Amino acid sequence: MRKRSGRAPVSQAAALLSIAVALLLGTPAWAADPLVVRIGYLTRAEEPRIPQTFLEPVSEDEGVQGARLAIADNNTTGRFLNQRFDLVEVTVPEDRRVEDAVRDLAGQGVRLLVADLKEDALLAAAAAPEAADMLIFNTRAPDDDLRNERCRANLLHVTPSRRMQADALAQYLASRKWMNWLLVVGRTPQDAAYADAIRAAAKRYRAKIVEEKRWTFEDANRRVDTGHVTVQSEILTFTQGTEHDVLVVADEADGFGEYLLYQTWLPRPVVGTHGLVPTAWSRVHEQWGATQIHSRFERQAGRWMRPRDYTAWMAVRAVGEAATRTKSADPAALAAFVRGPDFTLPAFKGQGLTFRDWDGQLRQPVLLAGPRVLVSVSPQPGYLHQFSELDTLGDDRPESRCRNR
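Residues numbered from 1 in each chain as written. Predicted model: local features only at pLDDT ≥ 70, side-chain atom pairs only at ≥ 80, totals over all residues. Heavy atoms only, no water.

(A) Structural detail: the pattern of salt bridges. Going through the model one piece at a time under the given rule, you end up with 33 salt bridges. Salt-bridge contacts for Arg97 lead to Glu99; the nearest nitrogen and oxygen are separated by 3.7 Å. Owing to a relative accessible area of 47%, Arg97 belongs among the partly exposed residues under this scheme. A salt bridge links Arg214 to Glu212; the nearest nitrogen and oxygen atoms lie 3.4 Å apart. Linked through salt bridges whose partners overlap, the residues forming this network are Arg163, Asp167, Arg204, Asp395 and Glu399. (Salt bridge = Lys/Arg side-chain N within 4 Å of Asp/Glu carboxyl O. Buried < 20%, exposed > 50% of the residue type's maximum accessible area, 1.4 Å probe, protein only.)

This is the structure we're talking about:
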């Protein structure tokens, strides 16, 4: 006699449960033609980031893996509502314009676009004629001018701005009464922009940048036999100077910041882009159910979820949440709901997240993460706001210089 598989009853039970839930929701589980929601994912080909340590693997799929996980999450819910979510992935080669890719996506019916792009490419995509009736989710560019002078009506910003990150860090430092900062700035324009956000945060929270230094040393040859000796002697001399409570590093290019830890002239904490880092997401985050998304992501991608993965996941899930709430697949209806007052996004941060109507930024707590532990989450206790404490991070409505929404 053939042995009956033990999986059949479970599958049958799951199918019956799906039908029952669908009936309760008012949609037959056996409906022939599901409502299809097409979401575009747009990124540009680039060289993978080389980590400073071999403990961190080189990754060539940051961002898109988060979008893929969110599509799976959307479809898990969508099948009960007779909805299907498709992800249209496009990677733009270096020799091709981003605007051409936007036109191709529009031709495929995409009106909801997740953009894993840096600032200039993002603005080019948003300015394409075919993007006029699109809703574009910025999941990568933290630039503050995108939320101010260069804001666009068709852009929503899922990734936290540099100003939000700097404010989150400054609130924590102020709560510890570490008010005197030594600021070390790298050589790239992104490092300079991060330093600008740190200066603005210091002014807002009445901290004092007692000294500012530019990193001018070469970043190469760190893995040679005597590399650590060279680093040790350079940093020891470099960090001498004015008394300070904390060293704030602006090194978005990841060229030198990691080497400042434990090498400074004075025994001081290192914060900013390295050490204690304000970030949208970190592998050390375990609160509010975060361990389950970590586990699902690791099973899918074979690595830890990174901030670009998380912001792409949030963008795709925002569309899924809107589709669930409206029971619609119409891109215009979904975009209107996401922008509206009734939208909230559950995102493993302890509260529902919403978009600001003045600059399109997603309100969200910012994690303060060390290499192996979550140290804190901002906004810090005691920083109050008349509408939302999350609006203590970044440009508030009266400060916004966005005029294009």
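(B) Summary view of helix α6 (residues 189–204). Between its first and last C-alpha atoms α6 spans 23 Å; for 16 residues at 1.5 Å apiece the expected length is 22 Å, and the two agree. Turning to α6, its buried residues are Asp191, Tyr194, Ala195, Ala197, Ile198, Ala201 and Ala202. Viewed end-on, α6 has its buried residues packed into an arc of 160°, placing them on one side of the element. Those residues of α6 that are exposed and angled more than 90 degrees off the buried face are Pro189 and Lys203. Buried residues along α6 sit in contact with α5 (162–175), β6 (180–185), β7 (208–214), β8 (246–250), β9 (270–272) and β10 (277–279). (Helix = DSSP H or I, 4+ residues; strand = E, 2+ residues; numbered from the N terminus. Expected span 1.5 Å × (residues − 1). Arc of directions from axis to C-beta. Contact = heavy atoms within 4.5 Å.)

(C) Structural view of the state of the cysteines. Counted according to the given criterion, the structure contains one disulfide. Across the disulfide, Cys151 is cross-linked to Cys402 (sulfur-sulfur distance 2.0 Å). For the disulfide bridge between Cys151 and Cys402, the dihedral angle about the S-S bond is near 95°, and by the sign convention the bridge is right-handed. Of this pair, Cys151 sits in the loop between β4 (135–138) and β5 (155–157) while Cys402 sits in the segment after β12 (374–378), and the two are 251 residues apart along the sequence. Since its relative accessible area comes to 1%, Cys151 is described here as buried. (Disulfide = S-S within 2.5 Å.)

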